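Survey of secondary and tertiary structure
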Amino acid sequence: MRNVPGLSHFYGVVTKGEDFYADRLEIHPSQKMQFGKTWGVGSVSSVRGIRVYWSDAKGGRPGQMLLVVPAKPIRSQEQKDNAVFLLGLIEDYKGEFTRIDIALDDYEKRLDFDAVHQAFKDDHYFYVNSYREISGKRSRKAPLGRTIYMGSTGSDKFLRLYDKSVESKGETDSYRLELVLKSKHAQLVGAAWCQMVLQPEETVSRWLSSIVVGAVDFREKVNKNRERCPLLAWWADFCAAVEVSGIRLVLPKKEGCLVRTMQALENQYAPIFATISAVLGDAFGPYIDQLRQAGEDRMGSRHRALIGLAKAE
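Quantities reported herein were computed from a predicted structural model and do not represent experimental measurements.

1. Describing the confidence of the model for the protein chain
Across the protein chain, pLDDT averages 84, with 88% of residues at or above 70. Highest mean pLDDT in the protein chain belongs to strand 9 (residues 175-182) (95); lowest belongs to strand 2 (residues 36-43) (50). Counting contacts from residues 32-39, a segment whose pLDDT is below 50, to residues more than four positions away or on other chains yields 28 contacts.

Okay, here's the thing in structure tokens:
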């Protein structure tokens, strides 16, 4: 959230979080975070509780706030109530989603790790650029845990498959396929999720599951056209079991270069032009003409290339 006027509003969000998620929070002044010194607020009941961080206002801009809500407090509320709560904060403080994790639990354990590993080894996959597998340390008290990462963990979208029963120490007995979305991917899904507050929870859950399944596709590569490649049998069985068809996330196309240039001009110089216009009055039009003529005289190859590219777009 990028428009937090001051500490009073920060405390207000902390209070709202305590009330909504029924969690008591503690404030830790000047806790160092990745984006500077902040006021950090964390749950005192569990390390899995919600956390709120606030960064001081600087250079005339308002403070910024980061709200982290793990799975446990999210599951304590109805999905629509979570969406309404977060949507209110987004509208009040110009917020946006920076990360979303969507988990799909395979309680029947149909997703065999060896089969997934072999599919990547045989190049029978689509939509992800890389994969790697890591294994937890073997000990006498705990079994060996495996995790397969599909896509780069440094990217804005990647999948991981891991044994949740090992990670949760038996609390959840499943294989978990988890999709991590960041940046624009998180904004896209988060905004759509918030707008589904009137949809039945089953509909929303099925939609989220479809996004997870749609992040990868396991097919025998007998053709360059993905649709002509048959699904691997185990992947087809899994998709049929969870009763969803994959939804492929596609970000909106970037706006044309001329539009981006105009937006940059507006963001940086609109107040200056408004100030000059208020002072010059009727003389502002001739001033703009004079400015345009001076620009034409100084136009270089880069600017002419921009004109050609904009016309082509």
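Text resumes after the structure shown.
2. Considering unusual backbone geometry
One non-glycine residue, Asp123, adopts positive backbone phi at about 65°. Note on placement: Asp123 falls in the loop between helix 4 (113-121) and strand 6 (131-135).

3. Concerning helix 3 (residues 79-93)
The terminal C-alpha atoms of helix 3 lie 21 Å apart, and with 15 residues this matches the ideal 21 Å at 1.5 Å per residue to within 8%. Of the residues making up helix 3, those classed as buried are Gln79, Asn82, Ala83, Phe85, Leu86, Leu87, Leu89 and Tyr93. At its buried positions, helix 3 is contacted by helix 1 (7-21), strand 4 (64-68), helix 2 (71-75), helix 6 (183-194) and helix 7 (201-213). Looking one or two residues beyond helix 3, the residue adopting positive phi is Lys94, at roughly 50°.

4. Considering the nonpolar core
Met65, Met150, Leu161, Trp193, Phe218 and Trp235 are the most contacted members of the largest nonpolar core, which totals 59 residues. Excluding residues that lie within four positions of it along the chain, Leu161 makes contacts with Leu111, Phe113, Val116, Arg146, Thr147, Ile148, Met150, Tyr175, Arg176 and Leu177.

5. Some details on helix 4
Residues three or four positions apart in an α-helix share a direction because the helix packs 3.6 residues into each turn. Listing the buried residues of helix 4 in full gives Phe113, Val116, Ala119 and Phe120. Seen end-on, helix 4 carries its buried residues on one side only, within an arc spanning 125°. Elements that come into contact with the buried residues of helix 4 comprise strand 6, strand 7 (146-150), strand 8 (157-163), strand 9 and helix 8 (233-242). Looking at where helix 4 begins, the residue whose side-chain oxygen comes 3.1 Å from the main-chain nitrogen of Asp114 is Asp112. Looking one or two residues beyond helix 4, the residue adopting positive phi is Asp123, at roughly 65°.

The rules behind the values
- Residues numbered from 1 in each chain as written.
- Predicted model: local features only at pLDDT ≥ 70, side-chain atom pairs only at ≥ 80, totals over all residues.
- Heavy atoms only, no water.
- pLDDT = per-residue confidence, 0-100.
- Helix = DSSP H or I, 4+ residues; strand = E, 2+ residues; numbered from the N terminus.
- Contact = heavy atoms within 4.5 Å.
- Expected span 1.5 Å × (residues − 1).
- Buried < 20%, exposed > 50% of the residue type's maximum accessible area, 1.4 Å probe, protein only.
- Core = buried A, V, L, I, M, F, W, Y, C linked by side-chain atoms within 4.5 Å.
- Arc of directions from axis to C-beta.
- Polar contact = N/O pair within 3.5 Å; in protein donor to acceptor, adjacent residues only side chain to side chain.

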